[in-house]
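Residue-level structure breakdown
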Amino acid sequence: MIRKILVLVVLLTAVFFNGDVLSQQLRITENLRQQPVLLPMTTPDRNVMAAVDSYLFFEDGGELGVFIYYDDPRTKRDIDYIEFYDTDGNLLIVTWIDHLGICHVALDQGLLNEEDPAVDGTLILVDVGVGI
């Protein structure tokens, strides 16, 4: 019941308080703490992929994050989808290569606030779209 309420709160917040979200169709997934996260609808479903590796990332200041690499067995690439989580288990960035070979990136929109960056649980597409 609590999870349903959290999902509803996240969705209502996104709809009523952010115009950027209204322009993108979103779907729900979960972060490492099983909290709801909104992703662009074009993000691949990681449940049909195999996690092939993970990497702990250390920064000079001591910050830590986790990269998780996924392989889609339907493609020839070894890695098709990557997630980056912070030390609290918040999903901050996802990146993937689509069937046309174009790289896509979705970033937590709260991190784009220059004055007060914070994790808000809604990832939005950022323009990178270069074919490889």
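Residues numbered from 1 in each chain as written. Predicted model: local features only at pLDDT ≥ 70, side-chain atom pairs only at ≥ 80, totals over all residues. Heavy atoms only, no water.

**What to know about the nonpolar core**
- In this structure, L39, Y81, L91, V94 and L123 are the most contacted members of the largest nonpolar core, which totals 13 residues.
- Going through the elements one at a time, β2 (36-40), β4 (64-71), β5 (81-86) and β6 (91-97) are the ones with two or more residues in this core. (Core = buried A, V, L, I, M, F, W, Y, C linked by side-chain atoms within 4.5 Å. Buried < 20%, exposed > 50% of the residue type's maximum accessible area, 1.4 Å probe, protein only. Helix = DSSP H or I, 4+ residues; strand = E, 2+ residues; numbered from the N terminus.)

**Structural notes on the packing of aromatic side chains**
- Summed over the entire model, instances satisfying the criterion amount to six aromatic pairs.
- For the ring pair Y55 and F67, a centre distance of 6.3 Å and an interplane angle of 35° mean the geometry is tilted. Residue Y55 is located in strand β3 (residues 50-58), and its partner F67 is located in strand β4; the two are separated by twelve residues in the primary sequence.
- Among the residues examined, Y55 registers a relative accessible area of 45% and is labelled partly exposed.
- Look at F67 and you get partly exposed, because its relative accessible area is 23%.
- Between F67 and Y69, the aromatic rings sit 6.3 Å apart at their centres with planes inclined by 15°, giving stacked as the arrangement.
- Taking the relative accessible area as the measure of exposure, Y69 reaches 18% and is therefore buried. (Phe/Tyr/Trp six-rings, centres within 6.5 Å; stacked < 30°, edge-to-face > 60°.)

**Considering the environment of V105**
- Relative to the assigned elements, V105 resides in strand β7 (residues 103-108).
- When the C-alpha atoms of V105 and E83 are compared, they prove to be 10.0 Å apart, with 22 residues separating the residues in sequence.
- Those residues in contact with V105, other than ones at most four positions away along the chain, are I93, V94, T95, I124, L125, V126 and V128. (Contact = heavy atoms within 4.5 Å.)

**Regarding the pairing of β4**
- Most of β4 is tucked away, with six of its eight residues classed as buried.
- In this sheet, β4 lies alongside β3 in antiparallel orientation, the contact comprising eight bridges. Counted as the bridge partner of F58 is L64 from β4.
- The loop that links β3 with its antiparallel partner β4 comprises five residues; one of these, G62, has a positive phi angle of about 95°.
- With six bridges connecting them, β4 and β5 associate as antiparallel partners. Bridge pairing in β5 links V66 to Y85. (Pairing = 2+ DSSP bridges.)

**A look at the side chain of D71**
- By the secondary structure assignment, D71 is in strand β4.
- If we skip the residues at most four places from it in the chain, D71 touches M49, A50, V52, R77, D78, I79 and D80.

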